[in-house]
Amino acid sequence: MNAETDHQELVAFHLTGDRSGGHLTDVADLELRPVLFAGYGDLTRLRYDYPLLLAENTDGEDAVCTLSGIFDRILNRIAPEGIEGEFARKQLLGLEREIRTAVAGGAEGALSDMWRQAGERMLAEAGETTGKDLADVLSRAEAALAVDGQVVDCDGETPGRVLRHLWMAERRQKNRRLRHRLDKLILGLKAILRTDFAKSEAGRSADQLKSAMGGAFEAAFDFDAMSNILPRTSPDASLPEDRRLRLLATLKVLETQRFVPPSELLGQTGGEAPYDFVFEGCGAAMAALEERLPELVALTKALSVAELEMENRFKPLRHAQYFENFDQNSLRPEDLAQFPSYLVLSAEDGSATTAVERAKAVELLSSGLPIKVLVQTDDLLDQGSVAPGQIALGGNNLHFANMAVGINSAYVFQSTSAGMYRLRDRIIRGLDYAGPALFSIFSGGAGVNGSRTSYLAAAAAAESRGFPAFVFDPAAGPDWASRFSIANNPQTETDWPEHDFSYEMEHHQRVDERYNFTFVDFVAADRRYAAHLAGVANGGAGNGLMPAGEYLQRNPDERRDSVPYVLMVDGDEVLRKIVVGETLIRAAEQCGESWRALQELGGVHNSHAARLLESERRLWEEEKQLELDALRAQAEAASAAPATAPAPLSPGPNVADASVPAAVEEVEEEAQDAPAMNPDEPWIETPRCTTCNECTELNNQMFAYNENQQAYLLDLDAGTFKEMVEAAETCQVSIIHPGKPRNPKEPNLEELIKRAAPFI
Ligand code: SF4
């Protein structure tokens, strides 16, 4: 096969998917993964963000920890650095790996259980000599284990589990706060009513006194006598009837509410169960919200009335009418923020994110109510929504998140599950946000994308711009720069992240390369799209190949004769060059377009800013030109005055000659326009300096910038005449005039003077 047919075969495959030439191979069964993930063949050997621990009874960022983080803390405590701690360190890292392997194998449960089981397995395998020391290390480590909770791996359930766990932590805090407030108000209202009752006839009856004092005092007191001797209270001292009724009604609302669990302090038992706030779909959440809204309004009102009553500030004339008209429109964000938010967990299972469900989600997200919606994507490549043979991003949920940003008052968080741990603070912020929030999370595939693990698929989606991370936080500030952030993506300034990687050739020859991770690398690891890829046989085709990262950044003319490829490793860890079909390139271009739009929103390569910068630059240049014109006019005026006429600048006898070419005339005019200077002395036409740095980089002691960032001569003795001449030669606008040498002993003066002549 010659180079010509070689290239033709590549081009044919790229354009048509035809592999019939015989030199390109099918990649469907190669278990490909991106070359930059070559080291991630066995995740159980790596210490990374998974598995996660959903820590029990822990709030804030500590509610989610990594297994590695937990072990690091224990290692710090019980395995000192150096040889002394070597044994403990080795055993504990082995224990961590044992747990990680168990979780990767499908084990579920509490960390404490997994810890114990893994320890038992290690002890069973340990020899007699190490067994005792190992048991000691394990027991000390277990004693140092300060947290417990469920251990979760990265899979299809992770987004929902992590979000729900963080939401529960946030809900616990809210419950505590609201429960405390309710308890205080219930006790307060009861105290007012009790005091009122105590002043009444019934309150002073012998039976009431007996029950108020308690059985222990029954023998010691004559309650009939006591009842008779208590002074009679005037009718005015009792609560007015309307107030008493108001207090009773308010108390009833506070005691029967179902938004937080019953009070342990007040010994509340029975009654109706507290409300559930977790829903499987937006429709159910919306129905519950509407149904509970009157109760929510009543409770909010009761809380306010009770507080006013407790402080004796309730003024019927002022407040009665206001509270009578109090309805859902009277609720303020801070009123709503004290109640648990509603959590809607929807997975992309074909029903949860239907168009109807999305429409309801939009309604919820636009409502201003504290509803937190998870929209989970399991398959990023949406086969169903495009024509056969085409490739498109699982656009529905991606577009849904973008659209939610447009609502402008909803918190929007987007990430893959690979980034959830590092971005947990942003998740918590969204859960804390007083209004609605959308969490759009790519789970990593849950096994639908071929052989790769969910974690790798999620990490590849983030790295390839297929599922970029962003946060829109309406509470973060008044403008887009404060509210919208894409900072949690790799290399936000670039189209495609670029990485160094090394590999070894057949004869142990090391090769270092820079490589762009693109959307093509993400798709190429998905065997469903193997038809768009072909392996280049070793020693076979290879002419005219171009890395896909470079190909995508070139315009059509620059890449016309090239065929794009990506580097992948197969299941046997062999590096493969994989040729890419045009369809996949088009999908990658579409992905790049979406990423660039996101960059703009995030303030990276913003076209509005670039235009503004350009117009400012033009304005600046025009102003400079005006200044120069003014300077020239001044110089002309000065040269016209006989008393102050400058020394002739040697225009020569032909200066006024009409036959002198225009360009020459211009140069000479410039020389005449310049302020009168001694040609023997070096000088710079500072106002014309374009701040190109050439002279200052040559010698920053001799040349410096003034406050307008324009060059002037700082210290003539700080450099040589040679440097002065070189600066004059490199100055792009020829405004450095070297004058005559200051040091007659400087070498090569004759030649330097000749070079300086054009600039004097
Ligand atoms: S080389 Fe010329 S234009 Fe550039 S900084 Fe120096 S003086 Fe200014």
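This is a predicted model, so every value here is computed, not measured. Per chain, residue numbering runs from 1 following the sequence as it is written. Since the coordinates come from a predicted model, pLDDT governs what is reported: local features require at least 70, and pairs of side-chain atoms require 80 or more to be given and counted, while whole-chain, interface and lining totals use all residues. Only hydrogens and water are removed before side-chain values are computed, so all heavy atoms of the structure are retained for them.

1. Re the overall build of the protein chain
Numbering of helices and strands runs from the N terminus, with a helix taken as a DSSP run of H or I at least four residues long and a strand as a DSSP run of E at least two residues long. Within the protein chain, the secondary structure is distributed over 25 helices and 23 strands. The contact definition used throughout considers only heavy atoms, calling two residues in contact when any of these lie within 4.5 Å. Of all intrachain contacts in the protein chain linking residues separated by at least 6 positions in sequence, the fraction that spans at least 24 positions is 69%. To measure how exposed things are, a 1.4 Å probe is used in the Shrake-Rupley method; for residues, cover is taken only from the protein chains shown. Taken as a whole, the protein chain presents about 39000 Å² of accessible surface, with 51% of it coming from carbon and sulfur.

2. A short note on the pairing of strand β19 (residues 575–580)
By the bridge criterion, 3 bridges tie strand β16 (residues 533–536) to β19 in an arrangement that is antiparallel. The partner of Gly535 across the bridge, within β19, is Ile578. Hairpin connection from strand β18 (residues 563–569) to β19: 5 residues lie between these consecutive antiparallel strands, with Glu573 at a positive phi of about 65°. Strand pairing is assigned whenever DSSP detects at least two bridges linking the two strands.

3. Overview of the sheet that holds strand β3 (residues 52–55)
With respect to topology, 4 strands assemble into an open sheet ordered β4-β3-β6-β5, the strand pairing being antiparallel. Here the strands that pair on one side only, and so sit at the sheet edges, are β4 (64–66) and β5 (109–110). Together, β3 and β4 form the strand contacts of helix α2 (residues 67–78), whose direction differs from that of β4 by roughly 70°. Axis definition: a line fit to C-alpha positions, over the contact stretch in the case of helices; interaxial angles, taken between N-to-C directions, run 0 to 180 degrees.

4. A word on the site of the ligand
Neighbouring the ligand are Cys689, Thr690, Cys692, Asn693, Glu694, Cys695, Tyr705, Ala711, Cys731, Val733, Ile735 and Ile736. Here the shell around the ligand is composed, by residue class, of 9 nonpolar, 2 polar and 1 charged. Nearness of a residue to a molecule or strand requires only that one of the residue's heavy atoms be within 4 Å of it. Three categories are distinguished: nonpolar for Ala, Val, Leu, Ile, Met, Phe, Trp, Tyr, Cys and Pro, charged for Asp, Glu, Lys and Arg, and polar for the others, with Gly belonging to the last.

5. Concerning helix α20 (residues 582–601)
Compared with an ideal rise of 1.5 Å per residue, which puts 20 residues at 28 Å, α20 spans 29 Å between its outermost C-alpha atoms and is within 8% of the ideal. Turning to α20, its buried residues are Thr583, Leu584, Ile585, Ala587, Ala588, Cys591, Gly592, Trp595, Leu598 and Gln599. Positive backbone phi, approximately 85°, marks Gly603, located one or two places after α20. Expected span of a helix, by definition, is 1.5 Å for each gap between consecutive residues, and there is one gap fewer than residues. To sort residues, take the accessible area from a 1.4 Å probe on protein chains only and compare it with the maximum for the residue type: under 20% means buried, over 50% means exposed, and anything in between is partly exposed.

6. What about the packing of aromatic side chains?
Stacked, edge-to-face and tilted are the three classes for Phe, Tyr and Trp ring pairs, Trp counted by its six-membered ring, which pair at centre distances within 6.5 Å; planes under 30 degrees apart are stacked, over 60 edge-to-face, the rest tilted. For the structure on display, the rule yields 22 aromatic pairs. Look at Phe277 and Tyr342: their rings are 5.0 Å apart centre to centre, the planes differ by 75°, and that puts the pair in the edge-to-face class. Of the two residues, Phe277 is situated in the loop between α9 (241–256) and β7 (278–279) and Tyr342 in strand β8 (residues 342–346); the sequence distance between them amounts to 65 residues. Each member of the pair, Phe277 together with Tyr342, is buried. Measuring from ring centre to ring centre gives 5.8 Å for Phe501 and Tyr515, while their planes differ by 75°; the resulting arrangement is edge-to-face. Pair noted here: Phe501 is in strand β14 (residues 498–504) and Tyr515 is in strand β15 (residues 510–516), with a separation of 14 residues, a long-range link. When sorted by exposure, Phe501 lands in the same class as Tyr515, which is buried. Ring pairs connect the aromatic residues Phe259, Tyr275, Phe277, Phe279, Phe339 and Tyr342, which therefore count as one cluster.

7. Description of the side chain of Arg171
As for its placement among the helices and strands, Arg171 is situated in helix α6 (residues 158–199). This buried residue, Arg171, is left without a salt bridge; Asp276 holds the nearest opposite charge, at 4.8 Å. Apart from the residues lying within four places of it in its own chain, the contact partners of Arg171 are Tyr275, Phe277 and Pro340. The sign given to each residue is positive for Lys and Arg and negative for Asp and Glu; His and the chain ends receive no count. When a carboxyl oxygen of Asp or Glu lies within 4 Å of a side-chain nitrogen of Lys or Arg, that pair is called a salt bridge.

8. Examining the sheet that holds strand β9 (residues 371–377)
Spatial ordering of the open sheet is given by β7-β8-β9-β11-β10-β12-β13, a layout of 7 strands whose pairing is mixed. Pairing within the sheet leaves two strands with one partner each, and these edge strands are β7 and β13 (484–485). One ladder, built from 5 bridges, connects β8 with β9; its direction is parallel. For Tyr342, the partnering residue across the bridge sits in β9 and is Ile371.

9. Considering the pattern of salt bridges
According to the stated counting rule, one finds 47 salt bridges in the structure shown. Measuring nitrogen to oxygen at the nearest pair gives 3.0 Å for the salt bridge that ties Glu255 to Lys190. Taken together, the residues span a long stretch of sequence, with Glu255 in helix α9 and Lys190 in helix α6 at a distance of 65 residues. Take Lys190: its relative accessible area is 34%, and that puts it in the partly exposed class. Of the charged contacts in the structure, one is a salt bridge between Arg514 and Glu498, with a shortest N-O distance of 3.1 Å. Here Arg514, found in strand β15, pairs with Glu498, found in strand β14; they are 16 residues apart in sequence, far enough to count as distant. On the basis of relative accessible area, Arg514 is assigned to the partly exposed category, the value being 48%. Connected through salt bridges with shared partners, the residues Arg47, Asp72, Glu96 and Arg100 form a single ionic network.

10. Here we look at unusual backbone geometry
Cis geometry marks the peptide bond from Tyr50 to Pro51; its omega dihedral reads 0°. On the secondary structure map, Pro51 appears in the loop between β2 (33–34) and β3. Phi is positive for Glu573, which is not a glycine, with a value near 65°. Take Glu573: it is sitting in the loop between β18 and β19. Glu573 sits in the partly exposed class, given a relative accessible area of 45%. Despite not being glycine, Thr691 shows a phi value in the positive range, around 60°.

11. Topic: the environment of Asp183
Relative to the elements of secondary structure, Asp183 occurs in helix α6. Judged by its relative accessible area of 8%, Asp183 falls in the buried class. For the pair Asp183 and Glu255, spaced 72 residues apart in the sequence, the C-alpha separation amounts to 8.9 Å. For this analysis, a polar contact is any N or O atom pair within 3.5 Å, provided that within protein one partner can donate a hydrogen and the other can accept it, and provided that sequence-adjacent residues contribute only side-chain to side-chain pairs. Within the structure, Asp183 has its side chain in polar contact with the side chain of Ser263 (distance 3.0 Å).

12. Observations regarding the packing of helix α24 (residues 721–730) against helix α25 (residues 749–756)
The interhelical angle for the contact between α24 and α25, taken along N-to-C directions, is 25°, at an axis separation of 10 Å. Judged by the inter-axis angle, α24 sits roughly parallel to α25. When you trace α24 past α25, the crossing you get is left-handed. In this structure, α24 uses Phe721, Lys722, Val725, Glu726 and Glu729 to contact α25, whose residues at the interface are Leu749, Leu752, Ile753, Arg755 and Ala756. Its residues assigned to classes, the contact of α24 with α25 comprises 6 nonpolar, no polar and 4 charged. Note on terminology: angles under 35 degrees are roughly parallel, angles over 145 are roughly antiparallel, angles of 65 to 115 are roughly perpendicular, and the others are oblique. Here is the rule for handedness: rotate from the far helix to the near one, and if that takes an anticlockwise turn smaller than a right angle the crossing is left-handed, while a clockwise turn gives right-handed.

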